[in-house]
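These are the residues of each chain, in order.
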Amino acid sequence: DDAKVVEAKELLVKLEKQLEVQKDLDNLVKEVTDKKKNKKDMMSTLLESVNAAQGLGIDTPAARKIKDWVTIIEQEDQEFNQAELARRRQANLERLKEATKDELEQLAMDRLAKLASDKHKALIEQAKDDSVYELKKFYKIRSDEEFTENIADDERTLAAKLKLWSRQKPLHTSLLKLGDEQTRTAMRINRAILQYCGDMSTSFPATLA
């Protein structure tokens with residue numbers, strides 16, 4: 001049967017690719033561990049490896065180790081970026097309080113110029129690429145064990161099964177492995193969405209838009 005032959009060939013190609021990627025993962029772990037390389041300096045390589053493993057369904061010890069490295073680095077970066085963002089916001093607020101009318105108008109013009117810039121247009125085009133939202137590319141999604149670790153034993157199987165389904169109760173943790181603050185933000189957003197859509201009761205759903 002031609003269809004079965006094609007399917008067998010595709011499977012063979014996938015297996016060969018898995019072996020190739022697994023070899024790269026093992027070599028990468030060995031390189032980082034033996035040579036004590038700075039993982040942050042190798043972030044692009046680590047992330048590329050995680051995505052390759054995720055796309056092929058590879059969940060070996062080497063793949064998990066590299067994934068853990070990437071997660072730790074990203075959490076550290078998130079904490080730094082949040083602190084830096086808070087500092088900039090405060091600085092901007094102080095500047096706006098003391099700004100003259102002409103300075104405020106200039107700030108507004110500068111913002112409009114940024115929105116019309118080639119960089120902003122490129123970001124918009126990039127956001128149109130739906131392929132980035134494929135679940136297989138979301139290496140940050142918590143495993144069933146991580147997602148259900150704080151749930152009662154008799155509820156874990158169902159919670160894991162419905163992990164990526166919309167429910168009428170809010171998430172008890174984020175779907176992705178995030179820092180503490182971002183996890184809390186994700187949970188608040190999930191609750192707000194459920195309330196706005198009518199899945200959970202709330203007094204003033206329009207205020208959540």
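In the block above lies the structure referred to throughout.
Throughout what follows, the structure given in this document is the object of discussion.

Definitions and limits used
- Residues numbered from 1 in each chain as written.
- Predicted model: local features only at pLDDT ≥ 70, side-chain atom pairs only at ≥ 80, totals over all residues.
- Heavy atoms only, no water.
- 1 Å grid on protein atoms, 1.4 Å probe; cavity = no way out; pocket = protein on both sides within 12 Å on 5 of 7 lines; lining within 4 Å.
- Points joined across faces, edges and corners; volume = space filled by probe spheres on them.
- Nonpolar A, V, L, I, M, F, W, Y, C, P; charged D, E, K, R; others polar.
- Helix = DSSP H or I, 4+ residues; strand = E, 2+ residues; numbered from the N terminus.
- Expected span 1.5 Å × (residues − 1).
- Buried < 20%, exposed > 50% of the residue type's maximum accessible area, 1.4 Å probe, protein only.
- Contact = heavy atoms within 4.5 Å.
- Axes fitted to C-alpha atoms, helices over the stretch in contact; angles between N-to-C directions.
- Parallel < 35°, antiparallel > 145°, perpendicular 65-115°, else oblique.
- Left-handed = near helix turned anticlockwise from the far one by under 90°.
- Salt bridge = Lys/Arg side-chain N within 4 Å of Asp/Glu carboxyl O.

### Quick word on empty space enclosed by the protein
(1) Moving on: Per the stated rule, a full pass over the model turns up one cavity of 30 Å³ or more.
(2) Moving on: Approximately 30 Å³ is the volume attributed to the largest cavity.
(3) Moving on: As for the largest cavity, its lining consists of T71, E74, Q75, Q78, Y139, K140 and K177.
(4) Moving on: Of the residues contributing to the lining of the largest cavity, the split by class is one nonpolar, three polar and three charged.

### With respect to helix α1 (residues 2-35)
(1) Moving on: Here α1 is 34 residues long and its end C-alpha atoms lie 49 Å apart, about the 50 Å a rise of 1.5 Å per residue gives.
(2) Moving on: By the burial criterion, the buried members of α1 are V21, Q22, L25, L28, V29 and V32.
(3) Moving on: The elements touched by buried residues of α1 are α2 (43-55) and α3 (61-98).
(4) Moving on: Once α1 finishes, K36 follows within two positions and takes phi at roughly 50°, a positive value.

### Details of the layout of surface pockets
(1) Moving on: Put simply, the largest pocket is a space of about 600 Å³.
(2) Moving on: Forming the boundary of the largest pocket are 28 residues, of which F147, K163, L171, L175 and N190 lie nearest the centre.
(3) Moving on: Of all elements in the fold, only α7 (153-161) and α8 (180-196) reach the threshold of two or more residues within the lining of the largest pocket.
(4) Moving on: Considering every element that reaches the lining of the largest pocket, the biggest residue donor is α8, with five residues.
(5) Moving on: Of the residues contributing to the lining of the largest pocket, the split by class is 19 nonpolar, five polar and four charged.

### Considerations on the packing of α2 against α3
(1) Moving on: Where α2 meets α3, the closest approach of the two axes is 9 Å, and the angle between their N-to-C directions is 130°. With respect to α3, the element α2 is oriented oblique. Judged by the sense of rotation from one axis to the other, the crossing of α2 with α3 is left-handed. Where α2 abuts α3, its residues M43, L46, L47, V50 and A53 lie against A63, I66, K67, W69, V70, I73 and E74.
(2) Moving on: Residues that form the contact of α2 with α3 fall into these classes: ten nonpolar, no polar and two charged.

### Thoughts on the pattern of salt bridges
(1) Moving on: Under the defined criterion, the tally for this structure stands at 14 salt bridges.
(2) Moving on: When the shortest N-O distance is used, the salt bridge between K40 and E76 registers 3.9 Å. With K40 in the loop between α1 and α2 and E76 in helix α3, the pair connects residues that are 36 residues apart, well separated along the chain.
(3) Moving on: A residue is classified by how much of its surface remains accessible, and K40, at 42% relative accessible area, is partly exposed.
(4) Moving on: The class of E76 is partly exposed, set by a relative accessible area of 39%.
(5) Moving on: The closest approach of N and O atoms between D68 and K177, which form a salt bridge, is 3.9 Å. Taken together, the residues span a long stretch of sequence, with D68 in helix α3 and K177 in the loop between α7 and α8 at a distance of 109 residues.

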